[in-house]
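# Structural characterization, general
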Amino acid sequence: SKKMEGTDEVEAMEGDATTDETSSQLDTKPIESTTTSYVPQHVSTDKEHYEGILKKTDSILEVDAMNHIKGFLKAKGTVPELIELLVGSYKGYSDMIKLMCEWYRYLGWTVPDINKYIIE
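In this text, all values refer to a predicted model and were calculated from it rather than measured experimentally.

Parameters and conventions
- All residue numbers refer to position in the chain's written sequence, counted from 1.
- Where totals are concerned, whole chains, interfaces and linings use all residues; where local detail is concerned, this predicted model gives features only for residues with pLDDT of at least 70, and gives and counts side-chain atom pairs only at 80 or more.
- As a convention, hydrogens and water are excluded, and side-chain values are obtained from all of the structure's heavy atoms.
- Runs of E in the DSSP output that reach at least two residues are strands. Runs of H or I that reach at least four are helices, and both are numbered from the N terminus.
- Partly exposed describes any residue whose relative accessible area lies between the buried limit of under 20% and the exposed limit of over 50%, with all areas from a 1.4 Å probe on protein chains only and scaled to the type maximum.
- The contact definition used throughout considers only heavy atoms, calling two residues in contact when any of these lie within 4.5 Å.
- To qualify as a nonpolar core, a set must consist of buried Ala, Val, Leu, Ile, Met, Phe, Trp, Tyr and Cys residues joined through side-chain atoms within 4.5 Å.
- Patches were defined on residues exceeding 30% relative accessible area and lacking a salt bridge, with like-charge contacts within 9 Å and nonpolar side-chain contacts (Val, Leu, Ile, Met, Phe, Trp, Tyr) within 5 Å.
- Every accessible area reported is derived by Shrake-Rupley at a probe size of 1.4 Å, with residue values counting cover from the shown protein chains alone.
- Salt bridge, as used here: a side-chain nitrogen of Lys or Arg that lies within 4 Å of a carboxyl oxygen of Asp or Glu.
- Values of pLDDT, which run from 0 to 100, indicate the predictor's confidence residue by residue.

## Re the overall build of the protein chain
- Looking only at helices and strands, the protein chain has five helices and two strands in total.
- The secondary structure elements of the protein chain, listed N-terminal to C-terminal, are β-β-α-α-α-α-α.
- Buried positions account for 17% of the 120 residues belonging to the protein chain.
- For the protein chain, restricting intrachain contacts to residue pairs at least 6 apart in sequence, the fraction spanning at least 24 positions comes to 43%.

Take a look at the structure:
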């Protein structure tokens, strides 16, 4: 096995197993984990950056909404400002579409017909 430069990670290379003359077993020392949490490449500290994101329609429903909320607060945004941004940007389009689909199902439409109608 070869040690990669700058890390504790060991990469097994095919055909590179070292053997002892008295033993044909490979070195079985445990490998330390190098797994780390995901950290974004660029995290803005600009309050206006986060305001722009949080002002977008239904921004609270986005997958990374909590990251934007935390970023806004770290960028010296206040809780009342945050609440105003989130309430002002919430339109609930996904809830309206869900309700509309339920009405169509109640009226006897099939799911494929509803999907086709919504997409068109």
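## Some details on the nonpolar core
- Tyr 50, Leu 54, Ile 69, Phe 72, Ala 75, Leu 82, Leu 85 and Leu 86 together form the largest nonpolar core, which totals eight residues.
- Mapped onto this core, the elements with two or more residues apiece are α1 (47–54), α2 (65–74) and α3 (79–89).

## Concerning the environment of Thr 78
- Secondary-structure assignment places Thr 78 in the loop between α2 and α3.
- Here Thr 78 falls in the partly exposed class, since its relative accessible area comes to 36%.
- Ignoring sequence-local partners within four residues, the contact set of Thr 78 consists of Phe 72 and Leu 73.

## Looking at a nonpolar patch on the surface
- Where nonpolar side chains cluster on the molecular surface, the patch consists of Ile 97, Tyr 106, Leu 107, Trp 109, Tyr 117 and Ile 118 and spans about 670 Å² of accessible area.
- The set of elements that each furnish at least two residues to the nonpolar patch consists of α4 (93–106) and α5 (111–119).
- As for its placement among the helices and strands, Trp 109 is situated in the loop between α4 and α5.

## Some points on the confidence of the model for the protein chain
- Averaged over the protein chain, the pLDDT score is 75; the fraction of residues at 70 or greater is 63%.
- The low-confidence segment residues 6–24, where pLDDT is below 50, has 20 contacts with residues more than four positions distant or belonging to other chains.
- Across residues 33–39, where pLDDT falls below 50, the model places two contacts with residues more than four positions away in sequence or in other chains.

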